[in-house]
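Descriptive structure summary
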Amino acid sequence: ASYIQDSADTDSALSISTNRVGIGTDSPARALEISAAGSAVLRIADSDTAVGSAVAYIEFGSNSGGWDRAAYMGYSGADDDLKIVNEESGGNIILTTNSGSVGIGTASPTSILHASDAVDGSAYIRLDNTTGGVSSINEESQLHLNLGDGTTIRGGAKLSAGKEGDFQTSAAMDAFLSIDILANNTYYERMRIDSSGNVGINESSPAHKLEVGGDIG
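A short tour of the structure in this document, coming up. All values derive from a computational prediction rather than experimental measurement. (Residues numbered from 1 in each chain as written. Predicted model: local features only at pLDDT ≥ 70, side-chain atom pairs only at ≥ 80, totals over all residues. Heavy atoms only, no water.)

**Section: the pairing of strand S10 (residues 140-148)**
With nine bridges joining them, S10 and strand S11 (residues 153-163) adopt antiparallel strand pairing. Along S11, the bridge assignment pairs Glu140 with Gly162. As consecutive antiparallel partners, S10 and S11 are separated by four residues, and within that stretch Gly150 has a phi angle of approximately 105°, a positive value. (Pairing = 2+ DSSP bridges. Helix = DSSP H or I, 4+ residues; strand = E, 2+ residues; numbered from the N terminus.)

**Topic: the packing of aromatic side chains**
In the structure shown here, the tally under the stated rule is one aromatic pair. For the ring pair Tyr57 and Tyr72, a centre distance of 5.1 Å and an interplane angle of 85° mean the geometry is edge-to-face. Here Tyr57 is found in strand S5 (residues 55-62), whereas its partner Tyr72 is found in strand S6 (residues 68-76), with 15 residues between them in sequence. Its guanidinium or amino end placed over the ring of Tyr187, Lys158 lies 4.5 Å from that ring's centre, counting from NZ or CZ. Directly above the ring of Phe176 sits Arg192, whose terminal nitrogen or CZ lies 3.8 Å from the centroid. (Phe/Tyr/Trp six-rings, centres within 6.5 Å; stacked < 30°, edge-to-face > 60°. Lys NZ or Arg CZ within 6 Å of the ring centre and 35° of its normal.)

**Looking at the environment of Asn184**
Note on placement: Asn184 falls in the loop between strand S12 (175-183) and strand S13 (186-193). For Asn184 and Thr130, which are 54 residues apart along the polypeptide, the C-alpha to C-alpha distance reads 32 Å.

**Here we look at the environment of Ser89**
If you trace the backbone, Ser89 turns up in the loop between strand S7 (81-86) and strand S8 (102-104). On the accessibility criterion, Ser89 (79% relative accessible area) is exposed. (Buried < 20%, exposed > 50% of the residue type's maximum accessible area, 1.4 Å probe, protein only.)

**Some remarks on a nonpolar patch on the surface**
There is a patch of nonpolar side chains on the surface, built from Ile125, Leu127, Leu143, Leu145, Leu159, Leu177, Ile179, Ile181, Met191, Ile193, Ile201 and Leu210 and spanning about 1000 Å² of accessible area. Put simply, the parts of the chain that give the nonpolar patch at least two residues each are S10, S12 and S13. Ranked by residue count, the leading element in the nonpolar patch is S12, at three residues. Along the chain, Leu159 turns up in strand S11. (Patch = residues over 30% accessible without salt bridge, like charges linked within 9 Å, V, L, I, M, F, W, Y side chains within 5 Å. Areas by Shrake-Rupley, 256 points an atom, 1.4 Å probe, with all protein chains shown as cover. Salt bridge = Lys/Arg side-chain N within 4 Å of Asp/Glu carboxyl O.)

**Description of the sheet that holds strand S14 (residues 199-201)**
As summarised here, the arrangement of the six strands in space is S10-S11-S12-S13-S14-S15, forming an open sheet in which the pairing is mixed. The open sheet has two free edges, formed respectively by S10 and strand S15 (210-212), since each of these has just one partner strand. In this sheet, adjacent strand axes meet at a mean angle of 20° when their direction is disregarded. (Axes fitted to C-alpha atoms, helices over the stretch in contact; angles between N-to-C directions.)

Written as structure tokens, this is what we have:
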């Protein structure tokens, strides 16, 4: 192994061994390992520009036969955004914790996912369905509330917003809200509110302000 010693005359300042680089350790277990007592911080800086236009990224990919970037994460000063991007078709971005919680806008999450915003009217979750074409009215955005049997997620309920028109004109931009509930392992629509304000219970095409499909009582 090759070493660059620090002022304390140790071999741990920088070591290069078996295609591995260690900073602060003379026995790196990965291609790059950084070790420091108290605070191990990796800093990536764009030294050519101010923060407002700085760009600093970490790229991930394959270098067999030429560099092929698959994903990256970093900071874009022009947008003031921290970006995590998977460029592979069909690829996912997966965030997991060890029985912990994820906080967005809060440093003290109290549930699995906790989103917080101090601006009135801005604390919402947005789901966009960007598919659809001319005369297409089959698109929906859905929120699934699922339950499991200990090993497999089986389902539970679905909250759906869907098109009633093709959205090509303002007059055709009508939508509905529906609730589907699992029964005998099959989802059934149990409630719908259409664009005119009609409510259907066990009725997907309510013609009145309240329409119930089946007996009451």
